[in-house]
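So you can see what is in the structure, the chains are spelled out below.
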Amino acid sequence: MITVRQIGRSAVDRWLRAVRLPLAAAARLVPGDEGRANAALLAIDGTDANIREAIGGFFRDHELSADAERRRIAVDERRRALELRQSADIEERAAEQRLQRELDSAQRVRALAEADAQRLLQQTEANQAEREQSAHAAAEAKRQAAERARENKLAAAELKAKRERLATLDEQATVLDQEATALTATDEAERLRNAAGAAKAARKRPTPANG
């Protein structure tokens, strides 16, 4: 049989459900994140449990009081779960912020490293170009020095050859001059001999008589 207490509990349950329904609907429309709506629903459920406990204590309805205790325990468990979830969300957001800061810092470090590497590469290329330019200039100076040395050597050899040719020509001119002098002396001697012979022959011819 249905007892008076059972009817009373059913009536209390229907009344609380009727009261809770619009409040729960309004709680789900609370602006903000899901945590606020859940907190509002927990407050409603906690109030529901408190009302059931008060009515159960007033009417000495142990089942209603036990039901209120179970509901309160459930509310406490859900509240702890909500707090843990909120704490986890806070830690997750903090971790995401730290990760983002670390990523930003790593990005800045990478950008600085790339800039340093680029500057080092440019400096290395500049130094390499400077070394190549210096090596090219040194090679060119060495080539020009070798060319001047070769030209000087050729000029010295040519000058020596000219001097040797001049000396040879001088010697030949001296010999020719000596030969010419000797020939001149021989011709003069022959002329003198011829003149002396002619004079001697003239003296030997008789002198023609005068008329």
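Coordinates for the structure precede this section.
Structure report, in brief. Here the residue index of a chain counts from 1 through its sequence in written order. Reporting of local features is limited, given that this is a predicted model, to residues whose pLDDT is at least 70; pairs of side-chain atoms are given and counted only at 80 or more, and all residues count toward the totals for whole chains, interfaces and linings. The basis for every side-chain value is the complete set of heavy atoms in the structure, and neither hydrogens nor water enter the calculation.

**Concerning the overall build of the protein**
Worth spelling out the cut-off: Labels follow the DSSP assignment, with helices taken as runs of H or I lasting at least four residues and strands as runs of E lasting at least two, numbered in each case from the N terminus. Accessible area is worked out with a 1.4 Å probe on protein chains only. A residue is then buried under 20% of its type maximum, exposed over 50%, and partly exposed in between. Only the protein chains shown count as covering a residue, and every accessible area follows the Shrake-Rupley method with a 1.4 Å probe.
Regarding its fold elements, the protein presents three helices and zero strands. Residues classed as buried in the protein amount to 11% of the 211 residues present. Per element, the accessible surface of the protein, about 17,100 Å² overall, is 59% carbon and sulfur.

**A closer look at the pattern of salt bridges**
Note the cut-off: In the sections that follow, a salt bridge refers to a side-chain nitrogen of Lys or Arg positioned within 4 Å of a carboxyl oxygen of Asp or Glu.
For the structure on display, the rule yields ten salt bridges. The residue E140 makes a salt bridge to R143 at a minimum N-O spacing of 2.5 Å. Taken as a pair, E140 and R143 lie in helix α3 (residues 62-204) at a separation of three residues, close to a single helical turn. The class for E140 is partly exposed, based on a relative accessible area of 27%. Given a relative accessible area of 46%, R143 falls into the partly exposed group. Within the structure, one salt-bridge network assembled from shared partners comprises E53, E69 and R72.

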